[in-house]
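So the chains spell out like this:
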Amino acid sequence: MSDQSSKNTQFSFSWEAINGYPVVLLTLGFLPITFGTEGGITTALGLIFISVVWISLGIVPLFSENRTTLVYIVSIILIAAGSGIGGLGVVTILKVLFFEIKASMTNDWMLVVASVSANLAVLIWGIVILKVSPVSLSLHLGVGGLVVASAYSIGYGVVSIVLSIINDVPPIFTPAGRAMTAILNGGAIVVWTLLILRKVLQGKVKLVVPLFIVCGIGSIGIGLAYIIEAI
């Protein structure tokens, strides 16, 4: 009886983690575009912090005996993406400390690449959830929000990189691009929390749902502030 109870608890934890990740990953994926390029060390430490959290989130599902092969693969992808983001932070520190290079140029490249990597992992995680979860309208709407938000950030970052190569200038996050990213991320967080996470938790952690709702609304507010800045 105790063994069965332990297994049920472990499965429940894994399921909650799988469905709770998107809002955390979206938030972490949005952070790089909010970093300034004035202080190289500060930016580098921010990337390393994101990396540590990202890698930790990737490790957690590996300890669940109920994990599927697909979840195992995407966990490795999260760890790899987190390691890459941390590597960008370390490279930024090394360049600022030991090489004569403009910190702003270094930071611009690192932040754009980090944003693309993070949102690519979010997109993959959303697809995995769609594959391993029971099909429902709420799930499709929630994953749709994740796909739109992460796909926009990926496209925006890739276009910035391509344009920077063509024009031989550092890639930049424009106020309009930041605004759309923030609004889409915030909207996806709110939709996912209300349609999926709220049902998964079922009152087990009462503060989590309103906390994520506030985070989503806050992200939308940041996006509106960027729009005002652009005007």
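A. The arrangement of the overall build of the protein in detail. Summing up its helical and strand segments, the protein has seven helices and zero strands in all. Secondary structure elements of the protein, listed N to C terminal, follow the sequence α-α-α-α-α-α-α. Long-range pairs, those at least 24 residues apart, make up 80% of the contacts in the protein between residues at least 6 apart in sequence. Total accessible area on the protein stands at roughly 11500 Å², and carbon and sulfur atoms take up 73% of it.

B. Representation of the side chain of N119. Here N119 lies in helix α4 (residues 103-132). The class for N119 is buried, based on a relative accessible area of 0%.

C. Region of the structure containing the confidence of the model for the protein. Averaged over every residue, the pLDDT of the protein is 77; the share at 70 or more is 81%. When pLDDT is averaged over each element of the protein, helix α5 (residues 137-167) comes out on top at 86 and helix α1 (residues 2-30) at the bottom at 59. Long-range and interchain partners of residues 1-13, a stretch whose pLDDT sits below 50, account for nine contacts in this model, where long-range means more than four residues apart.

D. Focus on the nonpolar core. Formed by 43 residues in total, the largest nonpolar core has its most connected members in L25, L26, L47, W54, L78, W125 and W192. Counting residues per element, the ones that place at least two in this core are α1, α2 (40-59), α3 (69-98), α4, α5 and α6 (175-201). The element that contributes the greatest number of residues to this core is α4, accounting for 10 residues. Leaving out residues up to four positions away in the same chain, L47 has contacts with F35, I85, G86, L88, G89, M110, L111 and A114.

E. Examining the environment of P32 more closely. Along the chain, the position of P32 falls in the loop between α1 and α2. Along the chain, P32 and V113 lie 81 residues apart, while their C-alpha atoms are 9.3 Å from each other.

F. Summary view of the packing of aromatic side chains. In the structure shown here, the tally under the stated rule is one aromatic pair. Plain terms: the ring middles of Y152 and Y156 are 6.0 Å apart, the flat faces sit at 5 degrees to each other, and that makes the pair stacked. With Y152 and Y156 both in helix α5, this residue pair falls four residues apart, about one helical turn. Overall, Y152 belongs to the partly exposed group, its relative accessible area being 27%.

G. Quick look at the environment of T174. With respect to the helices and strands, the residue T174 is situated in the loop between α5 and α6. Measuring from C-alpha to C-alpha, the distance between T174 and S160 comes to 9.5 Å, with 14 residues separating the pair along the chain.

H. The side chain of S153, seen in detail. Within the secondary structure, S153 sits in helix α5. With a relative accessible area of 2%, S153 lands in the buried category. The residues touching S153, leaving out its near neighbours within four places in the chain, are N119, T181 and N185.

I. Seen up close, a nonpolar patch on the surface. A contiguous nonpolar surface patch, about 570 Å² in accessible area, is contributed by I41, L45, V90, L94, L97 and F98. Contributing elements (two or more residues each) for the nonpolar patch: α2 and α3. In terms of residue count, α3 provides more of the nonpolar patch than any other element does, four residues in total. Position of L45 among the secondary structure elements: in helix α2.

J. Up close: α5. Helix length check: α5 (31 residues) gives 44 Å between terminal C-alpha atoms against 45 Å at 1.5 Å per residue, within 8%. Just downstream of α5 lies D168, where phi reads positive at about 60 degrees.

K. Representation of helix α7 (residues 208-230) within the structure. In a regular helix each residue adds 1.5 Å, so 23 residues correspond to 33 Å; α7 covers 33 Å between its end C-alpha atoms and thus fits that length. For α7, the set of buried residues is V209, F212, I213, G216, S219, G223 and Y226.

L. Up close: the environment of A151. Counting through the fold element by element, A151 comes out in helix α5. We classify A151 as partly exposed; its relative accessible area is 36%. Placed 29 residues apart in sequence, A151 and V122 show a C-alpha to C-alpha distance of 9.2 Å.

Rules behind the numbers
Residues numbered from 1 in each chain as written. Predicted model: local features only at pLDDT ≥ 70, side-chain atom pairs only at ≥ 80, totals over all residues. Heavy atoms only, no water. Helix = DSSP H or I, 4+ residues; strand = E, 2+ residues; numbered from the N terminus. Contact = heavy atoms within 4.5 Å. Areas by Shrake-Rupley, 256 points an atom, 1.4 Å probe, with all protein chains shown as cover. Buried < 20%, exposed > 50% of the residue type's maximum accessible area, 1.4 Å probe, protein only. pLDDT = per-residue confidence, 0-100. Core = buried A, V, L, I, M, F, W, Y, C linked by side-chain atoms within 4.5 Å. Phe/Tyr/Trp six-rings, centres within 6.5 Å; stacked < 30°, edge-to-face > 60°. Patch = residues over 30% accessible without salt bridge, like charges linked within 9 Å, V, L, I, M, F, W, Y side chains within 5 Å. Salt bridge = Lys/Arg side-chain N within 4 Å of Asp/Glu carboxyl O. Expected span 1.5 Å × (residues − 1).

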